[in-house]
Structure formats: structure tokens, C-alpha cells
Amino acid sequence: RVDEWTDVDRKRVMNDIITTMFNKKFMEELFKPQDLYSKKALRTVYDRLAHASIMRLNQASMDKLYDLMTMAFKYQVLLCPRPKDILLVTFNHLDAIKDFVRDSPGILNQVDETFRQLIETYSCLSAGEFQLIRQTLLVFFQDMHIRVSIFLKDKVQNSNGRFVLPISGPVPWVIKICFNNDLFLRMFNRNGDEVKRTEFTTGGNYVTPQREGSFDLYGDRVLKLGTNMYSVSRPVETHMSGSSKNLASHAKENIAPNPLAKEELNFLARLLGGLEIKKPGGSETGFRLNLFTTDEEEEHAALTRPEELSYKVINIEATQ
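Computed from a predicted model, the values in this text were never measured in an experiment. (Residues numbered from 1 in each chain as written. Predicted model: local features only at pLDDT ≥ 70, side-chain atom pairs only at ≥ 80, totals over all residues. Heavy atoms only, no water.)

### Examining the environment of Val-156
- Tracing the backbone through its elements, the reader meets Val-156 in the loop between α8 (149–153) and β3 (169–170).
- The class for Val-156 is buried, based on a relative accessible area of 17%.
- Separated by 81 residues in the primary sequence, Val-156 and Tyr-75 have C-alpha atoms spaced 8.9 Å apart.
- Beyond its immediate chain neighbours, meaning those up to four positions away, Val-156 contacts Tyr-75, Phe-151, Arg-162, Phe-163 and Val-164. (Helix = DSSP H or I, 4+ residues; strand = E, 2+ residues; numbered from the N terminus. Buried < 20%, exposed > 50% of the residue type's maximum accessible area, 1.4 Å probe, protein only. Contact = heavy atoms within 4.5 Å.)

Set out below in C-alpha cells:
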């Protein structure tokens, strides 16, 4: 309820979640070279992060929040003008997080340290390596087509939950536009020397970006993907699309033993070892976040959600 939710409470929740998210041990595990882990592992970590403060969500609101997060992230990765721009999207995320904790120097230092690790780890990667990262992320999200009202209203998502790719607008920074709005396709050899150039006509109207986004700790990212979707006030809901409902019938896990299951559980245990859930103490009752219009609507959503798409939180004792 709005009248029970003060700025002090809001800041406390944000500080708790961000402190947990940028925990040093947690970040060390994330930065270790590793394969992409499963959707269930991601959801488990996300549940722990969301409940790292006095805020609580029930299953239906948690599902809705997770759906919104995954589809927003998929949209940002999908619409990156070039693969390397996924780093600018990440920097936009971190810039926004730093703004949340600008009055908390200790937490701000945690975020800045992660910022520096990102720059050190990823700024030296080639375009091909960024392309591999982008494709890996898109493969992870390719079967998720959940409709989000904010995207439907902006006509960037179809009624079947698939995103609409624009055929006009700014081109990637590395592409040069000809005077007649045609494009050059340039081929390079392994030494970086241009060996072939082909001009081709496009079906859209393109413009050249004025400048490249900054990949430094501070700077103008230029790219708007990853910035606040809610800068214009409007209601947001997530709905199960037809394709997602069909997916429910195929969502049951293969019962055959997975030889990598033990390794994934060990990895998940290491991740969760740094995630502390803060339970309300004393007379505190905590705050419940409801992403639906009414409590009745939230309860109905919890009852009608397909069992196969619901996730259970697995508590793992990392010390054992």
C-alpha cells in the first residue's frame, strides 16, 4: 500500500538488495569462467536476491516480476545495434544502480568495483567474442515469449510475445552510410585489412550515430537500451502468451540423470553462499510487494498459473 511505503523504506530495500547483489564473494563466483547455467538456477538466485531485504513477494508476484525482468533483458540484448553494445547496456544498468545508492558510499564502492571488473574483463574482447556472448544469451531466452503491456503499447512486441525489429533508425557505430542512404558491407582478413567492399540498398531510413558510447567508468553511454523503461508513467502487466501456455506442456524436465547436475548444484551453492536473506526482526513485519491491481487478482493468478512454470526456492547449505 502506497500510504505505508515511505522513502526511507524504499531506500532501505534498495540498499539491502544492492548490497547483497554486489557482495564480493558473489561477484567473484560470477566472474569465474563458466558455462551458462540453467533457467532454474537463474530463477533460484533471482528469488534470493529479491528477498534479500524486508520486502516479500508471494509466488504469483514473484513469477510476474521474473517474467518482466527476463523479457526486458531479452529485448535489450536483441535490439543491441552491435554485439559489443551489450556492455553499454550493462553500464546503463550499473549507472542506474549507482544513482539508487549515491548517498551510501560503502555500497557505491561495491558497485564501482564491479564496474572496474567488467571493464577489465570485457573491454579487450573482440567483436567476434561479443557476438558469441550475444548469441549465447539469445539462445537462452529464445523460447520465452511473454507479453508485456509496456512493450505491447509501444508496439515493440507482437501479440504472440515476439519482439519487432526496427528497419529504420541509427546504425551501429562501425557502419558508415553512403550519401544516398545505402550501406557498405566491408570484408576484412585476419590481419584487419579490408579486402572487399560491397554497396547495397536498404529498405529503411538510417542515420549515423553522432558518437560512440563511453566504455569508461563515467561517461555518456549514448545507447538508451538498459535505461529506465518507466520514465513515462503507465501501468505495466505481464501476461502469459499463447506460445508460453503451449510451452507449459513441454516444460517438464527430462527424468534421465544429468551428469552435470552435481556440478551445477555445487556452483549454485557457491553463488548462494554470499546471498543473505534478511528476515524482519523484532516487531518488524516487513513489506509485501504485490505486482497486481488487487490481492484477489494476485491470488487468482497464483491459482491459474501452470504448475510446470512455477519454481520452488531450493535452500542449499553452502558449508556442507
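Picking up where we left off.
### Looking at the side chain of Gln-157
- Mapped onto the secondary structure, Gln-157 falls in the loop between α8 and β3.
- Owing to a relative accessible area of 3%, Gln-157 belongs among the buried residues under this scheme.
- For Gln-157, the side chain forms a polar contact with the main-chain oxygen of Ile-146, separated by 2.9 Å.
- A polar atom in the side chain of Gln-157 sits 2.9 Å from the backbone nitrogen of Val-148.
- Aside from chain neighbours lying at most four places away, what touches Gln-157 is Met-71, Ile-146, Arg-147, Val-148, Phe-151, Leu-152, Arg-162, Phe-163 and Val-164. (Polar contact = N/O pair within 3.5 Å; in protein donor to acceptor, adjacent residues only side chain to side chain.)

### Brief notes about a nonpolar patch on the surface
- Taken together, the side chains of Leu-185, Met-187, Val-195 and Phe-200 present a nonpolar region at the surface, about 360 Å² in accessible area.
- Elements with a contribution of two residues or more to the nonpolar patch: β4 (183–188) and β5 (194–200).
- Its location among the elements puts Leu-185 in strand β4. (Patch = residues over 30% accessible without salt bridge, like charges linked within 9 Å, V, L, I, M, F, W, Y side chains within 5 Å. Areas by Shrake-Rupley, 256 points an atom, 1.4 Å probe, with all protein chains shown as cover. Salt bridge = Lys/Arg side-chain N within 4 Å of Asp/Glu carboxyl O.)

### So, the packing of helix α4 (residues 59–78) against helix α7 (residues 127–141)
- Where α4 meets α7, the axes come as close as 10 Å, and the angle between the chain directions of the two elements is 145°. For the pair α4 and α7, the sense of crossing is left-handed. Between α4 and α7, the residues in contact are Thr-70, Phe-73, Lys-74, Val-77 and Leu-78 and Arg-134, Leu-137, Leu-138 and Phe-141, respectively.
- Counted by class, the contact of α4 with α7 contains six nonpolar, one polar and two charged residues. (Axes fitted to C-alpha atoms, helices over the stretch in contact; angles between N-to-C directions. Left-handed = near helix turned anticlockwise from the far one by under 90°. Nonpolar A, V, L, I, M, F, W, Y, C, P; charged D, E, K, R; others polar.)

### Some points on helix α5 (residues 85–100)
- Across its 16 residues, α5 extends 23 Å between first and last C-alpha, which sits within 8% of the 22 Å expected from 1.5 Å per residue.
- Among the residues making up α5, those that are buried are Asp-85, Ile-86, Leu-87, Leu-88, Val-89, Phe-91, Asn-92, Leu-94, Ile-97 and Lys-98.
- Looking at the packing, one finds that the buried side of α5 touches α1 (7–21), α4, α6 (105–122) and α7. (Expected span 1.5 Å × (residues − 1).)

### Focus: the pattern of salt bridges
- Inspection of the entire model under this criterion finds 12 salt bridges.
- Residues joined in a network through salt bridges with shared partners are Arg-43, Asp-47 and Asp-63.

### Details of the pairing of β4
- Bridging between β4 and β5 involves six bridges; their strand directions are antiparallel. Across the sheet, Leu-183 pairs through a bridge with Phe-200, a residue of β5. (Pairing = 2+ DSSP bridges.)

### Quick notes on the side chain of Gln-76
- Mapping Gln-76 onto the fold places it in helix α4.
- In contact with Gln-76, other than residues within four places in its own chain, are Val-89, His-93, Leu-225 and Gly-226.

### Details of the packing of aromatic side chains
- On inspection of all chains with the given rule, the structure shows eight aromatic pairs.
- Here the aromatic rings of Tyr-75 and Phe-163 are separated by 5.2 Å at their centres, their planes lie at 45°, and the arrangement is tilted. Placement of Tyr-75 in helix α4 and of Phe-163 in the loop between α8 and β3 is noted, with a sequence separation of 88 residues between them. Each of the two residues, Tyr-75 as well as Phe-163, counts as buried.
- Arranged with centres 6.5 Å apart and planes meeting at 70°, the rings of Phe-91 and Phe-215 form a pair that is edge-to-face. (Phe/Tyr/Trp six-rings, centres within 6.5 Å; stacked < 30°, edge-to-face > 60°.)

Such coordinate-based values are descriptive only and should not be taken to indicate function.
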